[in-house]
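Chain by chain, the residues:
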Amino acid sequence: MKRWRLILLLALLPAAWFGGRAIVELWFSVPSFGSGPAGPTVDVEPFKQPWTDRKVLLLGVGDSVTAGFGIDEDHSYFGRLIANPFDEYDDMRGICLSAVLPNLQSRNISVSGSTSLHHVDHLRNKLEVQPDDIFGLVVMTSGGNDIIHDYGRSPPREGAMYGATLEEAEPWIANFEKRLSLLIDLIEERFTGGCLIFLADIYDPSDGVGDPQSARMEPWPDCLKVHSAYNEIIHRLAAERESVRLVPMHATFLGHGIHCGKPWSEHYDDADPHFWYNTNIEDPNHRGYDALRRIFLLEMVKAIDDIKGKQ
């Protein structure tokens, strides 16, 4: 009898070893970036005819996501909004703003590493009042660095709130709403010929789990509460301000953060269980920028009549 127990134990050991290794790999392994297109499909039909012949300035405002940190200009979401890169995916060929806006100009004044505290003064100094015959298409990401800086390396403060309790962060959150509202005011004032502001909310690399320690960062119990408070402000201003359109970066990127490869995760995407972030966790990677330009374009398609203006 003892011999059979020993044989059974020896037979089960390899299965236990491989099973344990599989669990460790799923839980702790570096996520896969995947390959090919990422994000929602964009219908080509709206891009087969010009939207307007008016002069349009595509303006990038904000932080490293709009600046295109970690990637060449042509493959950033801003660059891809303007024109298809040479190695464009087949489903996106011909789907870009230069195809429908023959008098398109572009300018990107966003700065990598900047926070919303920098953006108001930066806009004042970098964007002059535009001529009346220019319509502004503004794409903006702001606020993400306020939350993630300084990665727990220093005590939390306004503009670098990592590690703060929600109570501690509440006055800084209130100030963010004032700054973002002022940013919108300034943009509208600079575009005397009118504008639309496509404002992205803030993604969550933890896929809704709120465990930065899984990415070898310091624990932060209130991170999702602070993050949600910022996004609530962005959503509220997008609903209240006529010139603003919300770009759902948060919802789009759920399932593509640090838990993307875990089938039991709430936001697991079995069609694309891959990581859309750069290795620094705070910026998109190549596929993330692809997904991002797609959701900006989808919101612009919804606003075609406003972009056309009075013909």
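Residues numbered from 1 in each chain as written. Predicted model: local features only at pLDDT ≥ 70, side-chain atom pairs only at ≥ 80, totals over all residues. Heavy atoms only, no water.

## Focus: the side chain of Asp201
Topologically, Asp201 is positioned in the loop between β4 (195-200) and α7 (223-240). Buried charge Asp201 goes without a salt bridge, the closest partner of opposite sign being Lys302 at 12 Å. In terms of polar contacts, Asp201 uses its side chain to reach the backbone amide nitrogen of Met249, at 2.9 Å. When neighbours within four sequence positions are excluded, Asp201 is seen to be in contact with Asn231, Ile234, His235, Leu246, Val247, Pro248, Met249 and His250. (Helix = DSSP H or I, 4+ residues; strand = E, 2+ residues; numbered from the N terminus. Buried < 20%, exposed > 50% of the residue type's maximum accessible area, 1.4 Å probe, protein only. Lys, Arg positive; Asp, Glu negative; His and termini not counted. Salt bridge = Lys/Arg side-chain N within 4 Å of Asp/Glu carboxyl O. Polar contact = N/O pair within 3.5 Å; in protein donor to acceptor, adjacent residues only side chain to side chain. Contact = heavy atoms within 4.5 Å.)

## Comments concerning the packing of helix α4 (residues 116-126) against helix α6 (residues 166-190)
The interhelical angle for the contact between α4 and α6, taken along N-to-C directions, is 20°, at an axis separation of 10 Å. Taken together, the axes of α4 and α6 are roughly parallel relative to one another. Seen from above, α4 lies across α6 with left-handed handedness. Where α4 abuts α6, its residues Ser116, Leu117, His119, Val120, Leu123 and Arg124 lie against Phe176, Arg179, Leu182, Leu183, Leu186, Ile187 and Arg190. Taken together, the residues of the contact of α4 with α6 sort by class into 8 nonpolar, 2 polar and 3 charged. (Axes fitted to C-alpha atoms, helices over the stretch in contact; angles between N-to-C directions. Parallel < 35°, antiparallel > 145°, perpendicular 65-115°, else oblique. Left-handed = near helix turned anticlockwise from the far one by under 90°. Nonpolar A, V, L, I, M, F, W, Y, C, P; charged D, E, K, R; others polar.)

## A closer look at the side chain of His256
Among the secondary structure elements, His256 is positioned in the loop between α8 (249-253) and α9 (286-302). From its side chain, His256 meets the backbone oxygen of Asp272 in a polar contact 3.2 Å long. A polar side-chain atom of His256 sits 3.0 Å from the main-chain carbonyl oxygen of His274. What His256 contacts, discounting residues up to four positions off in sequence, is Asp207, Asp269, Asp272, His274, Phe275, Trp276 and Tyr277.

## Thoughts on the environment of Gly36
Inspection of the secondary structure puts Gly36 in the loop between α1 (2-28) and β1 (55-62). For Gly36, a relative accessible area of 24% puts it in the partly exposed group. A sequence separation of 250 residues divides Gly36 from His286, and the C-alpha atoms of the two residues are 9.8 Å apart. With residues near it in sequence (within four places) discarded, Gly36 still touches Tyr89 and Arg287.

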